[in-house]
Amino acid sequence: MTQRARIVPSSRLRRFGAAALVAAAIVIGTIADRPRPHQEITLGGYRVLAADFHTHSSTWSDGSLTPWGLVIDAWYQGLDAIAITGHRQTLDAKWGRWFSERTGGPIVLVGEELPEIPHHVIAVGIGRTVDSALPIAEQIAEIHRQGGIAIAAHPGDFFWSGFAPVMDQLDGTEVCHPFTLEYPDAHPELEEFARRANAAAIGSSDFHGPGRQGMCRTFVFVREVSAEGILEAIRAKRTVVYGGPAATAYGDPQLIQIAEADGRLREMASTEYPVSVLDRISQILGIVGFALVILPLYSQRERLKPTNNARLATTIVPSAMKYPYFQCSSGMLVKFIP
Ligand SMILES: [Zn+2]
Ligand SMILES: [Zn+2]
């Protein structure tokens, strides 16, 4: 009784301190966070839209943001359009489009990723799910039948044999992908594939959670600001993308010339994200807050010996006696050692 009385107040104090620090981190981080600027850019007689055609959400895919979270984040990242591309399904995208249409968000194109070995195909502008079990030529034919476009996803050399039969049927190919920012040696593979494919240059973030949406983005030169306008521009290869370690410009040579003379697209494509003092304070408070939660768990694990299991189990979570794993008070999963 006396031991329990000593444990409870100190752990309550720690939990309160941790919650206060994490809350302060969230508030300060939110205040410090500034959306990337939205610019209405017209170049060469076209409206230029910043788009990310490869994003994953958490609802039916393996991303960490909900479809509506993706839409809000896309706006924050200065994007005019996104394609939500769940694995083998289009439901995430339809939910995202529904939300964005009602909130005045970016254009959301319904898409999916058909992730088979040895080829990952991004379908954009489709109405219903395409069967990923089909041979790749039939997948692409079905995408086209639905009025969509087919993009080769992260076509490193591992995927080349898979795309070989359909090189002349691709509408786009990713020539900027975040994995080449981390592994610059792989970038020439995307570059070489783009040379062979002769499709529109595409930059996509393949956003799952880490990194940022629009980190690799496609500038689409549209005649009409709409989903159909974007698809038409890609079919006509009117895109510019900055990719690779040197931020090389890819796409329509004439449009690249216009964009380079202007300079704004290169600036918008920058992967540099300034970190302010408030950002740093938010990070430190958050780390300390989580450390207050996590570190005591290690010492608890040390104390989880056969002799005191029963006491800890009854003190912390009674259900621990029944299950091999239990959820402790801080929300972390801790293994129970019987
Ligand atoms: Zn993929
Ligand atoms: Zn993906």
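All of these numbers come straight from a predicted model, not from anything done at the bench. (Residues numbered from 1 in each chain as written. Chains lettered and ligands numbered in written order. Predicted model: local features only at pLDDT ≥ 70, side-chain atom pairs only at ≥ 80, totals over all residues.)

Draft legend 1. Summary view of helix 2 (residues 67-76). Every buried residue of helix 2 is listed here: Pro 67, Leu 70, Val 71, Ala 74 and Trp 75. The arc enclosing the buried residues of helix 2, seen along the axis, measures out at 135°, which places them on a common side. Those residues of helix 2 hidden inside the fold are in contact with strand 2 (46-55), strand 3 (81-87), helix 3 (91-103) and strand 4 (107-116). (Buried ≥ 20, exposed ≤ 12 C-beta atoms within 10 Å, placed from the backbone. Helix = DSSP H or I, 4+ residues; strand = E, 2+ residues; numbered from the N terminus. Arc of directions from axis to C-beta. Contact = placed C-beta atoms within 7 Å.)

Draft legend 2. The pairing of strand 8 (residues 200-203), seen in detail. Judged by which residues are buried, strand 8 turns out to be covered on both faces: Ala 200 and Ile 202 on one side and Ala 201 and Gly 203 on the other are all buried. Where strand 7 (residues 172-176) lies against strand 8, four bridges are found, and the strand directions are parallel. Residue pairing for strand 8: Gly 172 is matched across the bridge by Ala 200. (Pairing = 2+ DSSP bridges.)

Draft legend 3. Representation of the pairing of strand 2. With eight of its ten residues buried, strand 2 lies for the most part within the structure. Across three bridges, the pairing between strand 1 (residues 41-43) and strand 2 is antiparallel. Paired with Leu 43 across the bridge in strand 2 is Tyr 46. Counted between consecutive antiparallel strands, the loop separating strand 1 from strand 2 contains two residues, among which Gly 44 sits at a positive phi close to 60°. When strand 2 meets strand 9 (residues 218-222), the two strands line up antiparallel, connected through five bridges. Considered in strand 9, the bridge of Val 48 is made with Phe 221.

Draft legend 4. Here's a closer look at the environment of Asp 92. Considering the arrangement of structural elements, one finds Asp 92 in helix 3. On a C-alpha basis, the gap between Asp 92 and Ser 58 in space is 8.2 Å, while along the polypeptide they are 34 residues apart.

Draft legend 5. Layout of unusual backbone geometry. Here the bond from Ile 117 into Pro 118 is cis, since omega is 10°, no more than 30 degrees from zero. One can find Pro 118 in the loop between strand 4 and strand 5 (119-124). For Arg 88, which is not a glycine, the phi torsion comes out positive at approximately 55°. When you line up the elements, Arg 88 lands in the loop between strand 3 and helix 3. Backbone geometry places Ala 247, a non-glycine residue, at a positive phi of 50°.

Draft legend 6. View of the environment of Leu 292. As for its placement among the helices and strands, Leu 292 is situated in helix 11 (residues 277-303). Its 20 C-beta neighbours within 10 Å are what place Leu 292 among the buried residues. For Leu 292 and Leu 21, which are 271 residues apart along the polypeptide, the C-alpha to C-alpha distance reads 9.4 Å. Sequence-distant contacts of Leu 292, defined by excluding residues within four places in its chain, comprise Arg 14, Gly 17, Ala 18 and Leu 21.

Draft legend 7. Broad picture of the confidence of the model for the protein. Of the residues in the protein, 86% have a pLDDT of 70 or more, and the chain-wide mean is 86. For residues 309-338, every residue scores under 50 in pLDDT, and the model assigns this stretch 32 contacts once sequence neighbours within four places are set aside. (pLDDT = per-residue confidence, 0-100.)

Draft legend 8. Main features of the packing of helix 2 against helix 3. Where helix 2 meets helix 3, the axes come as close as 8 Å, and the angle between the chain directions of the two elements is 55°. Between helix 2 and helix 3, the crossing angle belongs to the class labelled oblique. Here helix 2 runs over helix 3; the crossing is right-handed. Across the interface between the two elements, Pro 67, Trp 68, Leu 70 and Val 71 from helix 2 touch Asp 92, Trp 95, Gly 96, Phe 99 and Ser 100 from helix 3. (Axes fitted to C-alpha atoms, helices over the stretch in contact; angles between N-to-C directions. Parallel < 35°, antiparallel > 145°, perpendicular 65-115°, else oblique. Left-handed = near helix turned anticlockwise from the far one by under 90°.)

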